[in-house]
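Now for the letters of each chain:
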Amino acid sequence: MTPQTDDADLIARIADCDQLALRTLVGRHQVRLFRFLMRLVRDEGMAEELSNEVFMEVWRNAARYEGRSQVGTWLLSIARNRAISRLRKRREASWDEDKAAELADDADTPEVTTQKLDKASALKRCLDALSTDHREIVDLVYYQEMSVGEVAQIVGIPENTVKTRLFYARKKLSELLLAAGIDRGWP
Amino acid sequence: MIDEAHAPTEREEIEMLVPWYVTGRISAADARRVEAFVARNPDFARHIAVARDERSAAVEVSEAQGMPSARATDRLFEAIRAEPMPRSVAARRQANGLLARVRGFFENPTPVTVRYAAMAAAAVVLVQAAVLGSMFATQPAGDGGGYRTAAGPETSAAAVALVSFADGASLAEITSLLDGVGGRIVDGPLKGGFYKVAIAAANGDGDSGAARAMEALRKKSGVVKLVLPSR
């Protein structure tokens, strides 16, 4: 039995109000979901709340799951919609710009920054400074290990846009690293 | 800039595939494209190494987000317990529960369930008998009505039989049958679920007429269970 079948079976049991099945599903997906939400909203309390909302929605609507996508993809999709809705209220976009500017201002000079940070920690710091859209796609591809098609389903954009969005996210990462004094030789 | 006006170069196309190449979530055809490009452009291996570093850092960043608290999970299940069960699920469970109990009784009867079943069956017989008795007792009589007893019109009966009716027999079937043989219930229900049925003399010619009437009752096995001569 594949994990996909297992998850689909759990959803069928959840549709019959089986709380044990929901507990199993929560145990299987909660951490990844929480981390994905954290990357989007950057607030532990809100990420927990949103994660609970996702599972509550699954509890209420499990009967509507048609198996067109994997359960994990479906969960991330619900999580994303809820996070975006919450972020709109919080005007997260402007915060991202401030954060990016803050990062550039932090560096006294590229040389000093290089001394302060090794490459790996600089990379992590720069990943954190990406915009919400870019953080999201990086997390979906590298951490959640979603395929192009799955990311397209979750984010609701064409597959080609998925590829170009990640391409530009990576370019932006190189720019931020360069500003921090690290040239990784691409692009 | 990659857009409709500026189609990506082959190198850019391969660069766009690299993240999925390093996670392994790439089609076999695209993986071969990346490998073929690297074979033709050995310097591109450097770009794949850059993507691998990116991935490691991205995983570390995500893992550093920690875990949801146990309290959050408790809150989730508290909220779920407070949710009303959808009507469709509640109705299905109720139906399944009843079916399971019936199936369980037949598949694995216990002395207790058998005793309850016997009591229930006895109650049904009593109710049926009471209904039949009261209906016949209160049925208006052709001769001015009233309760017909063996002490009244029965005196003109050629014979009296003890009859028990089949469990599934309807009132209409019983009435029709009794009318056909000139019989009427004059007493009952008696012990064993019997009714005393008087066969009118006018419909028979003495003992042989009564015997034919009782034989006619016996033949209606769907309506009558047993016919015994009473006198």
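As the structure is a computational prediction, the values presented were derived from the model and not from experiment.

A.B. asks: Describe the overall build of chain A, and please don't skip the residues or the numbers.
C.D. replies: A tally of regular secondary structure across chain A gives ten helices and zero strands. Starting at the N terminus and walking to the C terminus, you meet the elements of chain A as α-α-α-α-α-α-α-α-α-α. By the burial criterion, 52% of the 187 residues in chain A qualify as buried. Within chain A, residue pairs in contact and separated by at least 24 positions form 66% of the contacts whose partners lie at least 6 positions apart. Total accessible area on chain A is roughly 8600 Å²; 47% of this is exposed by carbon and sulfur atoms.

A.B. asks: I'd like a rundown of the pattern of salt bridges, residues and numbers included.
C.D. replies: Applying the stated criterion to the full structure yields 25 salt bridges over all chains. Arg-82 of chain A serves as the salt-bridge partner of Glu-57 of chain A, at 2.8 Å between the closest nitrogen and oxygen. Here Arg-82 of chain A lies in helix H4 (residues 71-90) and Glu-57 of chain A lies in helix H3 (residues 44-61), a separation of 25 residues in the sequence. Glu-10 of chain B serves as the salt-bridge partner of Arg-40 of chain B, at 3.1 Å between the closest nitrogen and oxygen. Here Arg-40 of chain B is found in helix H2 (residues 28-40), whereas its partner Glu-10 of chain B is found in helix H1 (residues 10-23), with 30 residues between them in sequence. Exposure remark for Glu-10 of chain B: the relative accessible area of 39% places this residue in the partly exposed category. Linked through salt bridges whose partners overlap, the residues forming this network are Glu-49, Glu-53, Glu-57, Arg-82 and Arg-86 of chain A.

A.B. asks: Can you lay out the side chain of Arg-35 of chain A for me, pointing to particular residues and giving the numbers?
C.D. replies: Note that Arg-35 of chain A resides in helix H2 (residues 19-41). In terms of polar contacts, Arg-35 of chain A uses its side chain to reach the side chain of Tyr-143 of chain A, at 2.9 Å. Here Arg-35 of chain A is in contact with Tyr-143 of chain A together with Ser-62, Glu-63, Gln-65, Gly-66 and Met-67 of chain B, once residues within four sequence places are set aside.

A.B. asks: For the interface of chain B and chain A, give the residues involved together with the corresponding values.
C.D. replies: Where interface size is quoted, it is often the accessible area lost as the parts come together. Contacts between the two partners involve 44 residues from chain B, matched on the other side by 45 residues from chain A. A buried area of about 4400 Å², summed over both sides, lies between chain B and chain A, and 60% of it is on carbon and sulfur atoms. Linking chain B to chain A there are eight salt bridges. Notably, a salt bridge pairs Arg-75 of chain B with Glu-48 of chain A, separated by 3.5 Å at the nearest N-O pair. The interface formed by chain B and chain A includes 19 residue pairs in polar contact (both at pLDDT 80 or more). Among the elements of the structure, H1, helix H3 (45-63), helix H4 (70-82) and helix H5 (87-107) of chain B are those that each provide at least two residues to the side of chain B that touches chain A. Residue contributions to the side of chain B that touches chain A peak at 14 residues, all from H3 of chain B. Each residue belonging to the side of chain B that touches chain A can be placed in one class, and the counts come to 23 nonpolar, seven polar and 14 charged.

A.B. asks: Describe the packing of aromatic side chains, with residues and values.
C.D. replies: Inspection of the entire model under this criterion finds five aromatic pairs over all chains. Consider the rings of Tyr-65 of chain A and Trp-74 of chain A, whose centres lie 4.9 Å apart with planes at 35°: the pair is tilted. Ring plane angle 85° and centroid distance 5.1 Å describe the contact between Phe-37 of chain B and Phe-44 of chain B, whose orientation is recorded as edge-to-face. Grouping residues by exposure puts Phe-37 of chain B and Phe-44 of chain B together as buried. Members of the aromatic cluster, joined through ring pairs, are Phe-167, Tyr-168 and Trp-186 of chain A. The lysine or arginine in question, Arg-32 of chain A, covers the ring of Tyr-143 of chain A, its NZ or CZ lying 4.9 Å from the ring centre.

Rules used in this analysis
- Residues numbered from 1 in each chain as written.
- Chains lettered and ligands numbered in written order.
- Predicted model: local features only at pLDDT ≥ 70, side-chain atom pairs only at ≥ 80, totals over all residues.
- Heavy atoms only, no water.
- Helix = DSSP H or I, 4+ residues; strand = E, 2+ residues; numbered from the N terminus.
- Buried < 20%, exposed > 50% of the residue type's maximum accessible area, 1.4 Å probe, protein only.
- Contact = heavy atoms within 4.5 Å.
- Areas by Shrake-Rupley, 256 points an atom, 1.4 Å probe, with all protein chains shown as cover.
- Salt bridge = Lys/Arg side-chain N within 4 Å of Asp/Glu carboxyl O.
- Polar contact = N/O pair within 3.5 Å; in protein donor to acceptor, adjacent residues only side chain to side chain.
- Buried area = accessible area lost by both parts, 1.4 Å probe.
- Nonpolar A, V, L, I, M, F, W, Y, C, P; charged D, E, K, R; others polar.
- Phe/Tyr/Trp six-rings, centres within 6.5 Å; stacked < 30°, edge-to-face > 60°.
- Lys NZ or Arg CZ within 6 Å of the ring centre and 35° of its normal.

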